Amino acid sequence: MRKIVFATNNQHKLDEIRSILGEGFHIVSLRNIGCDVDIPETAGTLEGNALQKAAYVYEHYGLSCFADDTGLEVEALGGAPGVFSARYAGGEGHDSEANMQKLLRELGENDNRRAQFRTVIALIQKEEHGEGKKELSFEGIVKGQITREKSGAEGFGYDPIFQPDGYDQTFAELGMEIKNKISHRARAVQKLAEWLLEDEK
């Protein structure tokens, strides 16, 4: 069974990845390998941040690793908050409520509510033979719109104000089961899973 590190300690993300990849892979968290460092995310893009996290683990622990970064990109705001989505409102920590309120204020009465969630997964994989490594990235996008007010209690982040195309409810109203099938992260993970499973053959 191939061991791969997922550069996260988010149990929800770990469970989701493990269920998609199945029994053929041993997916471990940062905590499982004894990494309690808050890996910096200082790149200016989602791709850069994901690669930064995966590279840290590969360089310090010598293990194949993948990492993800996600951003909400709002058309009328020029793609903001984007890479700053988790800390859009500033301050310490990830204050989802403050982030949502700032976004709704910034949009105001603008009728263009188009937006998309985008997840990028970076994978750094040790070559089975030799010293080389492979670096790949996988992207998942779900398009939709920003609602004018919050709705729904499930999910996290911007879920209560994001309504995906083809649905008349927000991510927070649809619930995790549906969200996990159609979300940006699910789509990126599916691409990662397909590549890993094909590479195993």
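Residues numbered from 1 in each chain as written. Predicted model: local features only at pLDDT ≥ 70, side-chain atom pairs only at ≥ 80, totals over all residues. Heavy atoms only, no water.

## Focus: the pairing of strand β5 (residues 114–126)
Working step 1: Burial analysis of β5 places eleven of its 13 residues in the buried class, the great majority of the element.
Working step 2: Both β5 and strand β6 (residues 133–146) contribute to a ladder of 13 bridges, which runs antiparallel. Bridge pairing in β6 places F117 opposite V142. (Buried < 20%, exposed > 50% of the residue type's maximum accessible area, 1.4 Å probe, protein only. Helix = DSSP H or I, 4+ residues; strand = E, 2+ residues; numbered from the N terminus. Pairing = 2+ DSSP bridges.)

## Remarks on unusual backbone geometry
Working step 1: A cis geometry characterises the amide bond from A80 onward to P81, with omega recorded as 0°.
Working step 2: For P81, the position within the fold is in strand β4 (residues 81–82).

## What to know about the confidence of the model for the chain
Working step 1: Averaged over every residue, the pLDDT of the chain is 90; residues scoring 70 or more account for 97%.
Working step 2: The secondary-structure element of the chain with the lowest mean pLDDT is helix α1 (residues 11–21), recorded at 79, while strand β7 (residues 162–164) shows the highest, at 97. (pLDDT = per-residue confidence, 0-100.)

## Remarks on the packing of aromatic side chains
Working step 1: Inspection of the entire model under this criterion finds four aromatic pairs.
Working step 2: Considering the side-chain rings of F6 and F66, the 4.6 Å spacing of their centres and the 20° angle between planes classify their relative orientation as stacked. Here F6 is found in strand β1 (residues 2–6), whereas its partner F66 is found in strand β3 (residues 65–74), with 60 residues between them in sequence. Like F66, F6 is buried.
Working step 3: One aromatic cluster is present, formed by F117, F162 and F171 through successive ring pairs.
Working step 4: A cation over an aromatic ring shows up here: K102 above the ring of Y88, its NZ or CZ 4.4 Å from the ring centre.
Working step 5: A cation over a ring is seen here: K179 above F171, with NZ or CZ 5.5 Å from the ring centre. (Phe/Tyr/Trp six-rings, centres within 6.5 Å; stacked < 30°, edge-to-face > 60°. Lys NZ or Arg CZ within 6 Å of the ring centre and 35° of its normal.)

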